[in-house]
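An overview of the molecular structure
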Amino acid sequence: MGHALHHALEPSAEYNVDLTVTAGRWPDGLAGNVFVIGPSQPTAVDFMFAGPGLLTQVDLETRHWRTKRVVTPDLALLDGLGRALPPAELAGLTAGGRPSLTNVSPHFFGDRLLLTGLSQRPVEFDPATLEFKTFLGGVGEYPEVVAHPLFPGVRTAAHPVEDLDDGCMWWCNTNLHPRGSSTSDMEGPMWVVRWDGHGDVETWHVPGAHLTQGVHEMTATQDYVIFTEIGFQPEPGTVAGRGRTKPHLPFTDIYLVAKRDLTVARRGRGVPVTHARVPRESFHHFADYRQDGDNITMYLAHSNGWDLNYTLTDADSVWGTGSGLAKGLHGFVSAPVDASPVGRYVIDGRTGEVRDSRVFLDPERHWATLVYGRDMRRPGLERGRYLWQSYWGCDTGMLATRIVEMYRDHPYRVVPVDQLPSREIPSSLVCIDLETMTEQSAWSFPIGTTGESPVFVPDPAGGPGWAVIFVHYSDRTELQVFDALALGAGPVAVATAEGLKLSVQFHSGYLPDIRLRDTGYERSFAADLGDDWRDFSPSARGVISKVLEQYG
């Protein structure tokens, strides 16, 4: 039936099923809840990232699986207007808007479930019902907003971070726009955002952070809030990843803002920033929360030559053969065109000096760094020992000629273009020893299958814990459980259900307990929307009124 990735954009479905163990034995003590999210398919613009969120929650103790489409007020508006209005009117109302698709990642603030998307405010969902509760921060609380009568754009990082000491969440507010009349260059400001879970968001401007590609993930240490510029080249003239002309910048800019400068007195004003730069672009990173003096230890999963802002179309061909791509790949992204290191960097928070760097990489195995998993308990966050890194590998039938040529002259290329793989590099899961940046254990999945982002699940009896991962086949999705420190022994248990098959997913997380409770926090959707919609047609007003009745 072909490679799993060739079937990853098939129509998404909702599930409410019990899993059956099909291999091995389900471990005693395995409990808690695993979440994974991604864009539902198909999408209206034929680009894999453009679908509304599809959220899955698995109760590990009962082995019950729920998959449900994410619905925010924005998505309810889009759905209602799409049903009620003729195409031309719908296009006019939605042009320039940035609806909250909420399809990127689950995050947790204590026992609260937060969902995120690209360039949108985080939203809070009820972990028990998987229903929308509120946006985090009203539109008026953010300094950078793209005005729109229905979908005002508040652009933030897709991965906020919880602060262990300060009892808050950190994210950012950005607004990239074309540089002058350029059709290929963008730029924009960055603001630090702090949220305590109850009150208004607080913001500080960072004039020294000059963004040209954006911020995807944030991290925090005891003294610093840290942003990295994502390896994700936007171009003003492209739509849904089409027509790209420029590669990502071949390095990662790191911005470190000292918490001592993020005071109440300076809210709304500029704060200083320290800049550091390391080779190779990246998407995901984290830092040890505890520092050694001013030294910060950061870990970056580099995306060397993996272009996630390019969509494959009928015009693309397979590198080396000139043949057309598999039909199921239209709307997907290209395979990476180089191996993908994971780097460990020690950076002076006051000067930005990179004092030490180490790289983990086997060029014959490590391609396409997906999201990492790590121990999210306090000791692991303060100074973790292990990282569970998943890799998509490289399907040679997804090596797009145009992307190979775009990254041919990458200054930090590991594998020369004339030595690109001629046969598939399988997807794999690797436990990396962060002290030595060496492989502790590893497992390669069967050819033609793909493992998504892993989740570390602690063992309440004090054992090494488990690495739980979603694995896609062309015709099904499995949940596989590994002994966290013995990946090479293979999965200790595999579970699935008849007909269970997820479309492409990316980010995952772990929540030990689910509780239904009212936090008392809410922001008014009606206030965000304002009154301009009252001048719309009767059909449009009717839809908007119904959504406001539900979400207020």
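Above this text sits the structure in question.
Described below are features of the structure shown in this document. Numbering of residues begins from 1 in every chain and follows the order in which that chain's sequence is written. Residues qualify for local features only when their pLDDT is at least 70, as the model is predicted, and side-chain atom pairs are given and counted only at 80 or more; totals for whole chains, interfaces and linings, by contrast, use all residues. The side-chain numbers reported here are obtained from all heavy atoms of the structure, hydrogens and water having been left aside.

1. Some details on the overall build of the protein chain
Under the convention used in this document: By the criteria applied, helices consist of DSSP H or I runs no shorter than four residues and strands consist of E runs no shorter than two, each listed in order from the N terminus. With C-alpha atoms as the basis for the radius of gyration, the globule rule is written as 2.2 Å multiplied by the number of residues raised to the power 0.38. In this scheme, a residue with accessible area under 20% of its type's maximum is buried, one over 50% is exposed, and one in between is partly exposed, where area comes from a 1.4 Å probe on protein chains only. Only the protein chains shown count as cover for residues, and all accessible areas are computed by the Shrake-Rupley method using a 1.4 Å probe.
Looking only at helices and strands, one finds 6 helices and 33 strands in the protein chain. Rg of the C-alpha trace for the protein chain: 22 Å, near the compact-globule value of 24 Å for 552 residues, within the 12% margin. Each principal axis of the C-alpha distribution contributes one length, and for the protein chain these read about 60 × 55 × 50 Å. Residues counted as buried form 60% of the 552 residues belonging to the protein chain. Accessible surface, the protein chain: about 20400 Å² in total, of which carbon and sulfur atoms supply 49%.

2. Description of the pairing of strand β6 (residues 105-109)
Test applied: Two strands make a pair as long as DSSP finds a minimum of two bridges between them.
By the criterion of burial, β6 is predominantly enclosed, with 5 of the 5 residues buried. Of the two faces of β6, the one carrying Ser105, His107 and Phe109 and the one carrying Pro106 and Phe108 are both buried. Here β6 runs beside strand β7 (residues 112-116); their pairing, made up of 5 bridges, is antiparallel. Pairing of phenylalanine 108 across the sheet is with leucine 113, part of β7.

3. Quick look at the layout of surface pockets
The cut-off we apply is this: Of the grid points, spaced at 1 Å and generated over the protein atoms alone, those admitting a 1.4 Å probe that cannot get out make up cavities, while open sets with protein on both sides within 12 Å along at least five of seven lines make up pockets; any residue with an atom within 4 Å of a point is treated as lining. Grid points are joined across faces, edges and corners, and a volume is the space filled by probe spheres set on the points.
Volume-wise, the second largest pocket comes out at about 890 Å³. Along the wall of the second largest pocket there are 39 residues; nearest its centre are His107, Phe108, Met376, Leu381 and Tyr510. Within the residue set of the lining of the second largest pocket, elements represented by two or more residues are β6, β10 (161-162), β16 (215-220), β20 (282-287), β24 (369-373), β29 (455-457) and β33 (507-511). Top element by residues in the lining of the second largest pocket is β33. It accounts for 5 residues.

4. Side note on the sheet that holds strand β21 (residues 295-302)
Quick note on the threshold: Where helices are involved, their axes are fitted lines through C-alpha atoms of the stretch in contact, as for all axes, and angles between N-to-C directions lie from 0 to 180°.
A sheet is described by the order of its strands in space; here 4 strands give the open sequence β20-β21-β22-β23, paired in antiparallel fashion. The two strands at the open ends of the sheet, each matched to only one other strand, are β20 and β23 (354-360). Strand-to-strand twist in this sheet, taken as the mean axis angle between neighbours without regard to direction, amounts to 20°.

5. A short note on the packing of helix α1 (residues 73-84) against helix α6 (residues 538-551)
Note the threshold: Orientation categories follow fixed angle ranges, with anything under 35 degrees roughly parallel, anything over 145 roughly antiparallel, 65 to 115 roughly perpendicular, and all other angles oblique. Helix crossings get a hand from a simple test, with the near helix turned counterclockwise from the far one by less than a right angle marking a left-handed crossing and a clockwise turn marking a right-handed one. Working rule for contacts: check all heavy atoms of both residues, and any pair within 4.5 Å makes them a contact.
In contact at an axis separation of 9 Å, α1 and α6 are set at 150° when each is read in the N-to-C sense. It follows from the interaxial angle that α1 and α6 lie roughly antiparallel. As for how α1 packs across α6, the hand of that crossing is right-handed. The segment α1 lies against α6, with Pro73, Ala76, Leu77, Gly80, Leu81 and Ala84 engaging Ser539, Ala540, Val543, Ile544, Val547 and Tyr551.

6. Thoughts on the environment of glycine 110
Looking at where glycine 110 falls in the secondary structure, it is placed in the loop between β6 and β7. Overall, the relative accessible area of 52% leaves glycine 110 in the exposed class. When the C-alpha positions of glycine 110 and valine 471 are compared, they lie 28 Å apart, and in sequence the two are 361 residues distant. With residues near it in sequence (within four places) discarded, glycine 110 still touches Glu162 and Leu511.

7. Focus: the nonpolar core
Note the threshold: Buried residues of nine kinds, namely Ala, Val, Leu, Ile, Met, Phe, Trp, Tyr and Cys, make up a nonpolar core once their side-chain atoms join them within 4.5 Å.
If you look at the biggest cluster of nonpolar residues, it comprises 39 residues, and the most contacted ones within it are Met48, Phe332, Val333, Trp392 and Val504. Considering each element in turn, this core owes the most residues, 3 residues, to helix α4 (residues 401-406). In contact with phenylalanine 332, other than residues within four places in its own chain, are Leu5, Ala8, Leu9, Met48, Tyr310, Thr311, Leu312, Trp392, Met398 and Val504. Counting residues in each nonpolar core, the second largest holds 34 residues, with Cys168, Val193, Met218 and Tyr521 among its members.

8. Overview of the sheet that holds β16
Sheet architecture is open: 4 strands sit in the order β16-β17-β18-β19, paired in antiparallel fashion. Every other strand in the sheet has two partners, leaving β16 and β19 (274-279) as the edge strands with one partner each. Between one strand axis and the next, the sheet turns by 25° as a mean value, whatever way the strands run. Sheet topology note: the strand β18 (residues 251-258)/β19 ladder contains 6 bridges and is antiparallel. Across the sheet, residue aspartate 253 finds its bridge partner in β19, namely arginine 277.

9. Section: the pattern of salt bridges
Selection criterion: The salt bridge criterion pairs a side-chain nitrogen of Lys or Arg with a carboxyl oxygen of Asp or Glu, the two atoms within 4 Å.
As enumerated under the stated definition, the model contains 38 salt bridges in all. Taking the shortest distance from any N to any O, the salt bridge between arginine 290 and aspartate 165 comes out at 3.1 Å. Here arginine 290, found in the loop between β20 and β21, pairs with aspartate 165, found in the loop between β10 and β11 (169-174); they are 125 residues apart in sequence, far enough to count as distant. On the accessibility criterion, arginine 290 (23% relative accessible area) is partly exposed. Through salt bridges with shared partners, a single ionic network connects Asp165, Arg290, Arg378 and Glu382.

10. Observations concerning the environment of leucine 325
Within the secondary structure, leucine 325 is located in the loop between β21 and β22 (342-348). Judged by relative accessible area, leucine 325 falls into the buried class, the value being 11%. Taking the C-alpha atoms as reference, leucine 325 lies 32 Å from valine 455; in sequence the two are 130 residues apart. Beyond its immediate sequence surroundings of up to four residues, leucine 325 is in contact with Leu312, Thr313, Asp316, Ser317, Val318, His330 and Gly397.

11. Considering unusual backbone geometry
Each neighbour pair has its own omega, and for glutamine 41 with proline 42 the value is -5°, a cis peptide bond. Here proline 42 lies in the loop between β3 (33-39) and β4 (53-59). In this structure, alanine 240 is a non-glycine residue whose phi angle is positive, near 55°. Along the polypeptide, alanine 240 turns up in the loop between β17 (224-229) and β18.

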